[in-house]
Amino acid sequence: MEYIDNMPPMDLMRSEKMTFVQLIIPFESAHRAVTYLGQLGLLQFRDLNAEKSPFQRTFVNQVKRCAEMSRKLRYFKDQIHKAGLLPPPLPASQPDIELEELEIQLAEHEHELIEMNANSEKLRQSYNELLEFKMVLQKASGFLVSSSHTTDQETELVENVYSNDNHADTASLLEQEMRSELSNQSGVRFMSGIICKSKVVQFERMLFRATRGNMLFNQAVADDEILDPSSNEMVEKVVFVVFFSGEQARTKILKICEAFGANCYPVPEDTTKRRQITQEVLFRLSELETTLDAGLRHRDKALTSIGYHLTKWINMVKTQKAVYDTLNMLNFDVTKKCLVGEGWCPIFAKTKIQEALQRGTFDSSSQVGIIFHVMDAVESPPTYFRTNSFTNAFQEIVDAYGVAKYQEANPAVYTIVTFPFLFAVMFGDWGHGICLLLGALVLIARESKLSSQKLGSFMEMLFGGRYVLLLMSIFSIYCGLIYNEFFSVPFHIFGDSAYKCRDATCSDARTVGLVKYNDPYPFGVDPSWRGSRSELPFLNSLKMKMSILLGVAQMNLGIILSYFNARFFSSSIDIKYQFIPQIIFLNSLFGYLSLLILVKWCTGSQADLYHVMIYMFLSPFEALGENRLFWGQSVLQVILLLLALVAVPWMLFPKPFILKSLHMERFQGRTYGILGTSEMVIDEEPGSASQHAEEFNFSEVFVHQMIHSIEFVLGAVSNTASYLRLWALSLAHSELSTVFYEKVLLLAWGYDNIVIRLVGLAVFAFATTFILLMMETLSAFLHALRLHWVEFQNKFYHGDGYKFKPFSFALLADDDD
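Because the structure is a prediction, the values reported are computed rather than measured.

Our focus in this paragraph is the overall build of the protein. Helix and strand counts for the protein stand at 27 helices and 13 strands. Within the span of the protein, comprising 817 residues, buried residues form 42% of the whole. The contacts of the protein with a sequence gap of at least 6 include a subset with a gap of at least 24, amounting to 81%. For the protein, the accessible surface area stands at approximately 44500 Å², while carbon and sulfur atoms represent 59% of it.

Right under this line is the structure:
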């Protein structure tokens, strides 16, 4: 045991040791000191004003100012994006600027931009009106000219058609109006305008109903689309001319035009006046175009100037707001001259934090130094692991299940190897593994470029797990070589097969059979198994037994880690009454099964292991007969069965009664030590109070222990069965690869037609890429995730801690990205 205690600590095995510290900062140096701590990023502040609302805190006005500046910067960013301007390259050096000066500059820039946008909007509105007026003049002129040309013909038509008095009695109101108007042209009036094309049909129908049909509606599609200032999109419009009679009809038409958003423009009947107005409109349009272009150039120049400094300003305002938010977490001391702060920091960072505080005192020219001292804390410390780009993805896999309790054994250390390996057991094919390896190498080679780009959610997840993908692909190549599968095709990579045809005349080994004539194949599965009649039974047996061996080994590793946890937390009760019975129970049953599998492989026995395990429980004293694998097996089975039966009450009963006895001794004053068990720890949640020593409910402890014991006993069976997914997924992957290769690629290649061959090759490539390399990869990944979260981590991992979240400017930038 001394050897274990003296072993050097393993990186990532346990979280960093934390300490609770208190800061007493003079008011004049508080801002600079907190800024330096944010640059360091190794101190997690505790909110001492949690009972106060945000508006009751000390620096609420500064936070409001920063929020207002953030709003202005977002406005600038939106304007740059709306103008279609690319972000300019950052200048080599940008002068530092104070927050107050920046606030004045932002206000000036915002006022200037708002004024320019308002002027531009007015000019754009005037330009649109003139453009619409020009199109109305052009289209309406055609309607008015055609109307004057047909006046004589219409008069003759009216005289012929309406000469019959009977018909005049039954004529419609429109016909009567046309008859009276054509007899007296001075009563005909018209109104011209422009409307959105999508509203024309409803507009015409409404005019017809409002005037009871006493109108003539002409329309023509406008030549140009017009920019809608509200939606900033080009809209297609239609020019219309409505002929009517009477002031009442005119009033109705005007109201309908207003309701439909149609713009009406006056068009003179005289051709000469129309021509003069058109020339004037065209001249004013050219002037407005010149003015608009000049305004846009001026606005783009101003936005470009802002864009040079926008990134720096955003980061500055964001960091300053974070500083004031942190200062709001501090409290005044009794003299109201100093701010008091509390928080967690790693022990290795104490010296760096003290140096940052001393620098803050010096730079702020404060006469009083900052006091930094360690305190005792009631709550459990946060969990902090120092990771790099390689280990971070594996740590995130573990943290997605639950953050480790402070100083608890970290599964990520073992997940780095076991996770990609179990994935590869299900995905084993060295052809597919090479494809994954190429993808992982591309992501790693472009790491510096991709890390600075804005990626989608899927690509961001893929890029974050690039090293996980790398190890998964390498292990897949390894397992694929063991399975001897390259896109489901076996190869004689490591020498000749150990089998040959039964006689010299056999031409098809699949029907006649094979005989062994040589030493076993040096590495992996003999390629001659592929396609033989016994291929599936052989591979099923191999992969199923291998899955059980891997599962039992990993579950034993989990139980062994629970021992190191109990030893680290000085919990002798957990070692004696949890670790020992668990290791005995698991290995009495499934450890014994693993031993039988190894003995059967080594001896080549034909014993039925199903029969051995079943009758170990049903008839433990019955002779094994031909299923006996080694001497003394029957006696060993009885001993292991008794050990498994003893282990269950061993797990269930002693621990609750011992805890009750220790509590009674402590209550009576015999001892004042903390109870030695990892189950009774103080609350880990930040801000929570400690449990009182007198709070001990025996029934709750007993029920909890009973649930834990039952869960372990049932889990020993279900978890071992769950590892059979390694066999099932591997079989599914292999069979799918075989189907796509034989039923798609080889079938298409059998035709002497280049088109069929190309189609078959395309279907094979599509199926391989999207089904085997994407869907199967995701499936194997999720199953490996389940095996680690449930079958492995439930043996030792509580995962009820909380992350160390220091005040750090670097974390602010990551959150923004």
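That shown, we press on.
Following the UniProt record, one finds the feature "transmembrane region" (unreviewed entry) at residues 421–444, 465–483, 546–566, 578–599, 630–653 and 754–775. End C-alpha atoms of residues 578–599 are separated by 30 Å, and the span's content is 100% helix alongside 0% strand. Between the C-alpha atoms that bound residues 754–775 there is a distance of 30 Å. The span itself is 100% helix and 0% strand.

Taken across its eight residues, strand S3 (residues 189–196) has seven buried, putting it largely inside the fold. Summarising the sheet, S3 and strand S7 (residues 237–244) pair through eight bridges and their orientation is antiparallel. Bridge pairing links Ile-195 to Val-238 in S7. Two strands pair when backbone bridges link them, and S3 and strand S8 (residues 263–265) are joined in this way by three bridges, in the antiparallel orientation. Bridged to Gly-193 within S8 is Cys-264.

A word on the pattern of salt bridges. In the structure shown here, the tally under the stated rule is 20 salt bridges. Between Arg-46 and Glu-379 there is a salt bridge whose closest N-O contact spans 3.9 Å. With Arg-46 in strand S2 (residues 44–46) and Glu-379 in the loop between strand S11 (371–375) and helix H12 (391–401), this pair connects stretches of sequence that are 333 residues apart. A salt bridge links Lys-197 to Glu-236; the nearest nitrogen and oxygen atoms lie 3.5 Å apart. Here Lys-197, found in the loop between S3 and helix H8 (200–210), pairs with Glu-236, found in the loop between strand S6 (233–235) and S7; they are 39 residues apart in sequence, far enough to count as distant. Put simply, Arg-46, Glu-342 and Glu-379 are held in one network by salt bridges that share partners.

On to the environment of Val-340, then. Relative to the helices and strands, Val-340 resides in strand S10 (residues 338–346). Taking the C-alpha atoms as reference, Val-340 lies 9.6 Å from Leu-327; in sequence the two are 13 residues apart. Leaving out residues up to four positions away in the same chain, Val-340 has contacts with Gln-22, Leu-23, Ile-24, Leu-48, Leu-330, Asn-331 and Asp-333.

Quick look at the sheet that holds S8 now. Taking strand neighbours across the sheet as the criterion, the four strands line up as S4-S7-S3-S8 in an open arrangement whose pairing is antiparallel. Taken across any chain shown, the strands that pair with only one partner, and hence form the sheet edges, are strand S4 (216–221) and S8. On average, each strand axis in the sheet is inclined to that of its neighbour by 25°, with strand direction left out of account. Sheet strands touched by H8: S3, S4 and S7. Its angle to S4, the strand with the most contacts, is close to 165°.

On the surface, Trp-749, Ile-754, Val-755, Leu-758, Val-759, Leu-761 and Val-763 cluster together into a nonpolar patch covering about 680 Å² of accessible area. Its location among the elements puts Trp-749 in helix H25 (residues 725–749). Classification of Trp-749 by relative accessible area gives partly exposed; the value is 45%.

As a further point, take the packing of helix H13 (residues 412–427) against helix H26 (residues 754–792). Direction vectors running N to C along H13 and H26 enclose 130°, while the axes themselves pass 9 Å from each other. With respect to their mutual orientation, H13 and H26 come out oblique. As H13 runs across H26, the sense of the crossing is right-handed. Residue-level contacts link Tyr-414, Thr-415, Thr-418, Phe-419, Leu-422, Phe-423, Met-426 and Phe-427 of H13 to Leu-772, Leu-773, Glu-776, Thr-777, Ala-780, Phe-781, His-783, Ala-784, Leu-785, Leu-787, His-788 and Phe-792 of H26. Class assignment of the residues belonging to the contact of H13 with H26 gives a composition of 14 nonpolar, five polar and one charged.

Packing of helix H14 (residues 430–445) against H26 leaves a shortest axis separation of 11 Å and a crossing angle of 80°. By the angle between their axes, H14 is roughly perpendicular relative to H26. Here H14 contributes His-432, Cys-435 and Leu-436 to the contact with H26, which in turn contributes Thr-768, Leu-772, Leu-773 and Thr-777. Residue composition of the contact of H14 with H26, by class: four nonpolar, three polar and no charged.

Now for the environment of Lys-82. Locating Lys-82 in the fold gives a position in helix H3 (residues 60–82). Judged by relative accessible area, Lys-82 falls into the exposed class, the value being 59%. Between the C-alpha atom of Lys-82 and that of Asn-232, which follows or precedes it by 150 residues, the distance is 9.8 Å.

Time to look at helix H11 (residues 350–363). Counted at 1.5 Å a residue, the expected span for H11 with its 14 residues is 20 Å, and the 20 Å between its end C-alpha atoms agrees. Along H11, the residues that are buried comprise Ile-353, Ala-356, Leu-357, Gly-360 and Thr-361. Buried residues along H11 cover an arc of 140° about the axis, so they all sit on one side. When the buried face of H11 is taken as reference, the exposed residues oriented beyond 90 degrees from it are Gln-358 and Phe-362. As for H11, its buried residues are in contact with strand S1 (18–26), helix H2 (27–40), S10 and S11.

Turning next to the packing of aromatic side chains. Overall, the coordinates contain 41 aromatic pairs when judged by the stated rule. An aromatic cluster of three or more residues is present, and its members are Tyr-401, Trp-789, Phe-792, Phe-796 and Tyr-797. Sitting over the face of the ring of Tyr-36, Arg-359 holds its NZ or CZ atom 4.1 Å from the ring centroid. Here Arg-757 stacks its cationic end above the ring of Trp-749, 5.1 Å away from the centre of that ring.

With that out of the way, let us pick up H26. When the local axis directions of H26 are compared, the greatest deviation, roughly 30°, occurs at Thr-768. Taking the backbone nitrogen of Val-755 as reference, a side-chain oxygen 2.9 Å away marks Asn-753 as the first, capping residue of H26.

Moving on, we get to the UniProt feature "coiled-coil region" (unreviewed entry) in the protein. UniProt marks residues 97–126 with the feature "coiled-coil region" (unreviewed entry), using the numbering shown here. This span, residues 97–126, is 93% helix and 0% strand, and a straight line between its end C-alpha atoms measures 41 Å.

With that settled, the discussion passes to the confidence of the model for the protein. Chain-level statistics for the protein give a pLDDT mean of 84 and a share of 87% at 70 or above. Low pLDDT, under 50, characterises residues 671–676; the predicted model gives this stretch eleven contacts beyond four residues in sequence or across chains. Note that pLDDT drops below 50 for residues 679–693; the model gives that stretch 33 contacts with residues more than four away or on any other chain.

Cut-offs and rules
- Residues numbered from 1 in each chain as written.
- Predicted model: local features only at pLDDT ≥ 70, side-chain atom pairs only at ≥ 80, totals over all residues.
- Heavy atoms only, no water.
- Helix = DSSP H or I, 4+ residues; strand = E, 2+ residues; numbered from the N terminus.
- Buried < 20%, exposed > 50% of the residue type's maximum accessible area, 1.4 Å probe, protein only.
- Contact = heavy atoms within 4.5 Å.
- Areas by Shrake-Rupley, 256 points an atom, 1.4 Å probe, with all protein chains shown as cover.
- UniProt positions renumbered as here; feature names shortened; annotations may be inferred.
- Pairing = 2+ DSSP bridges.
- Salt bridge = Lys/Arg side-chain N within 4 Å of Asp/Glu carboxyl O.
- Axes fitted to C-alpha atoms, helices over the stretch in contact; angles between N-to-C directions.
- Patch = residues over 30% accessible without salt bridge, like charges linked within 9 Å, V, L, I, M, F, W, Y side chains within 5 Å.
- Parallel < 35°, antiparallel > 145°, perpendicular 65-115°, else oblique.
- Left-handed = near helix turned anticlockwise from the far one by under 90°.
- Nonpolar A, V, L, I, M, F, W, Y, C, P; charged D, E, K, R; others polar.
- Expected span 1.5 Å × (residues − 1).
- Arc of directions from axis to C-beta.
- Phe/Tyr/Trp six-rings, centres within 6.5 Å; stacked < 30°, edge-to-face > 60°.
- Lys NZ or Arg CZ within 6 Å of the ring centre and 35° of its normal.
- Bend = angle between axes of the 7 residues up to and from the residue.
- Polar contact = N/O pair within 3.5 Å; in protein donor to acceptor, adjacent residues only side chain to side chain.
- pLDDT = per-residue confidence, 0-100.

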